[in-house]
Amino acid sequence: MLEVERETDRYLDRRAAVDRYRAGRRRTAEVFGMLAPEAYHERPIALRNPIVFYEGHLPAFSVNTLLKKGLGEPGIDPRFEVLFERGIDPEDQSAVPGALASWPPRAEIQAYGERADRAIVEALETKDVTREDNPVLARGLAAYTILEHEPMHQETLLYMWQRLPYEKKRAPEGAPRPILGGDPPPRAGVRIPAGPATLGARKGAIPFGWDNEFSEHVVEVAEFEIDVDDVANRDFLDFVRAGGYDREDLWSEEGWHWRRENDVRHPLFWERSGDDWTWRGMFEALPLPPAWPVFVSHAEASAYARWRDSRLPSEAEFHRAAYGTRSGSERSYPWGEESPDRTRGNFDFARSDPVPVGSFPAGASAWGVRDLLGNGWEWTSTVFGPFPGFEPMPSYPVYSADFFDGKHWVMKGGSFATAKPLLRRSLRNWFRGNYPYVYATFRTVRDA
Ligand SMILES: [Fe+2]
């Protein structure tokens, strides 16, 4: 037993893991606590499962991954562990599975969640969850997988809540008021000299990474110019007023098809009332804040960039702008090595809305590029694909591999609803180019 304890303590601090698991479950409860009970069976995003699915999915995923796959235990309820196994990401609504005739009653799902939590905490406290002879448990892989899976879903749940009518949700007590700000700073670019960008991470160099983060490799990036700030609502309004949504020449073929089929005429987070625009915030509608980063799909971001005779940055260019320095060395975070805190950006569930672009000078990169972490994920021009040396992760083999289909684009950075551990340099997020629900903004670049 002593041997087992030593092995576990080397890769996973049991106490810290339990605290993190419990904190994650508490936050999930808070996220569900924002909803009126009658919202529970709604499907606010037609391409996703109804809300009820996710309350079962989070504990079932942890049971499937750590207890069943990792420790070889029987699990808690085989029916739930199949029903709640996996979410969906179809191309369009025709591929959405028909609504399940009846989901289990909420009380049953919550009781399952409580039993799952007790079993997971017991496993993290006492069981052999780091075994080098088991690929699912090696270096605590399954434990870290469930610890990061939970907050990732909290962000995607919030995207979903965003779409619900206001009477079906309420702000948590003490939630900060939106900071509307005035006009954004004048648009400005900064030249980034040619140099290296290190993408990905080396196995063993970080306690945990998803399979798509491995392995580390260096990309030589040519000189380019990048926007200092994310594209703000006011900038994007110029595009809307200039007829950008009517100009097929600015759009990719798929982007134009999506725009036309869905009659998209402005960002999803905007609503029009006469000549005025409203921002559809999480808990209230606000007069469109000109300085907030615009939230758009990849298709809209790309059309805007073309309209400005610019383009979206590649994943490597994002890295270079965020982590590169004049000396050629690279930083862990845009600002340096210090852990993220509230002075560096709008992330880690600090609020339910963005803040004006450029609000965090202490978070700027070596080149003075701002808001690279937080306030909104940033679309890149890079199609989501494997890095050299990619291997599907034993704890969750379909996590990335199912999405290497040429239809998903890499996003970097993070939003106000991205948990702190997910702000590491190697983390990659991805969505379809026509998915407008995400807290995703962008900035543009130009060849030097
Ligand atoms: Fe999941």
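The structure under discussion appears in the preceding block.
Conventions adopted
- Residues numbered from 1 in each chain as written.
- Predicted model: local features only at pLDDT ≥ 70, side-chain atom pairs only at ≥ 80, totals over all residues.
- Heavy atoms only, no water.
- Helix = DSSP H or I, 4+ residues; strand = E, 2+ residues; numbered from the N terminus.
- Rg over C-alpha atoms; globule rule 2.2 N^0.38 Å.
- Buried < 20%, exposed > 50% of the residue type's maximum accessible area, 1.4 Å probe, protein only.
- Areas by Shrake-Rupley, 256 points an atom, 1.4 Å probe, with all protein chains shown as cover.
- Lys, Arg positive; Asp, Glu negative; His and termini not counted.
- Charge placed at Lys NZ, Arg CZ, Asp CG, Glu CD.
- Donors = N, O, S within 2.8 Å, 3.2 Å for Na, K, Ca; no water.
- Salt bridge = Lys/Arg side-chain N within 4 Å of Asp/Glu carboxyl O.
- Pairing = 2+ DSSP bridges.
- Axes fitted to C-alpha atoms, helices over the stretch in contact; angles between N-to-C directions.
- Contact = heavy atoms within 4.5 Å.

**A look at the overall build of the chain**
Then comes step 1: Counting secondary structure elements, the chain contains eleven helices and twelve strands.
Then comes step 2: Rg of the C-alpha trace for the chain: 22 Å, near the compact-globule value of 22 Å for 448 residues, within the 12% margin.
Then comes step 3: Overall size of the chain, expressed as C-alpha extent along the three principal axes, is 65 × 55 × 40 Å.
Then comes step 4: Put simply, the chain has 448 residues, and 58% of those count as buried.
Then comes step 5: For the chain, the exposed area adds up to about 18600 Å²; of that, 50% sits on carbon and sulfur atoms.
Then comes step 6: If you average the places of the 57 positive and of the 69 negative side-chain charges in the chain, the two averages end up 1 Å apart.

**Points about the coordination of the iron ion**
Then comes step 1: Within the protein, His57 (NE2), His149 (NE2) and His153 (NE2) serve as the donor atoms for the iron ion, at 2.1 to 2.2 Å.
Then comes step 2: Spacing between the donor residues of the iron ion along their common chain follows H-x91-H-x3-H. Note that His57 is positioned in helix α3 (residues 51-70) and His149 in helix α6 (residues 141-162), a separation of 92 residues in sequence. For the residue pair His57 and His149, the accessibility class agrees, reading buried in each case.

**Some remarks on the pattern of salt bridges**
Pairing between side chains of opposite charge can happen when their charged atoms approach one another.
Then comes step 1: Taken as a whole and assessed by the stated rule, the structure comprises 31 salt bridges.
Then comes step 2: Between Asp230 and Arg443 there is a salt bridge whose closest N-O contact spans 3.1 Å. Of the two residues, Asp230 sits in the loop between β4 (224-227) and α7 (233-241) while Arg443 sits in the loop between β11 (440-441) and β12 (445-447), which places them 213 residues apart along the sequence. Exposure class is identical for Asp230 and Arg443. Each is buried.
Then comes step 3: One continuous salt-bridge network, built from bridges that share partners, spans Arg20, Glu148, Glu213 and Arg424.

**Here's the deal with the sheet that holds β12**
Then comes step 1: Sheet architecture is open: three strands sit in the order β1-β4-β12, paired in antiparallel fashion. The strands lining the two open edges of the sheet, one partner per strand, are β1 (189-192) and β12. Each strand axis lies, on average, 25° off the axis of its neighbour in the sheet, ignoring direction.
Then comes step 2: Bridge count for β1 against β4 is four bridges, and the pairing is antiparallel. Looking across to β4, one finds that Gly189 is bridged to Asp227.
Then comes step 3: Here helix α10 (residues 315-323) sits on the sheet in contact with β1, β4 and β12, set at roughly 75° to β4.

**Remarks on the pairing of strand β9 (residues 408-412)**
Then comes step 1: β9 sits mainly inside the fold: five of its five residues count as buried.
Then comes step 2: Neither face of β9 is open: one carries His408, Val410 and Lys412, the other Trp409 and Met411, and all of them are buried.
Then comes step 3: With three bridges joining them, strand β8 (residues 377-383) and β9 adopt antiparallel strand pairing. Note that in β9 the partner of Trp379 across the bridge is Met411.
Then comes step 4: Relative to strand β10 (residues 429-432), β9 runs antiparallel, the two being bridged by four bridges. Bridging from a neighbouring strand, Val410 pairs with Trp430 of β10.

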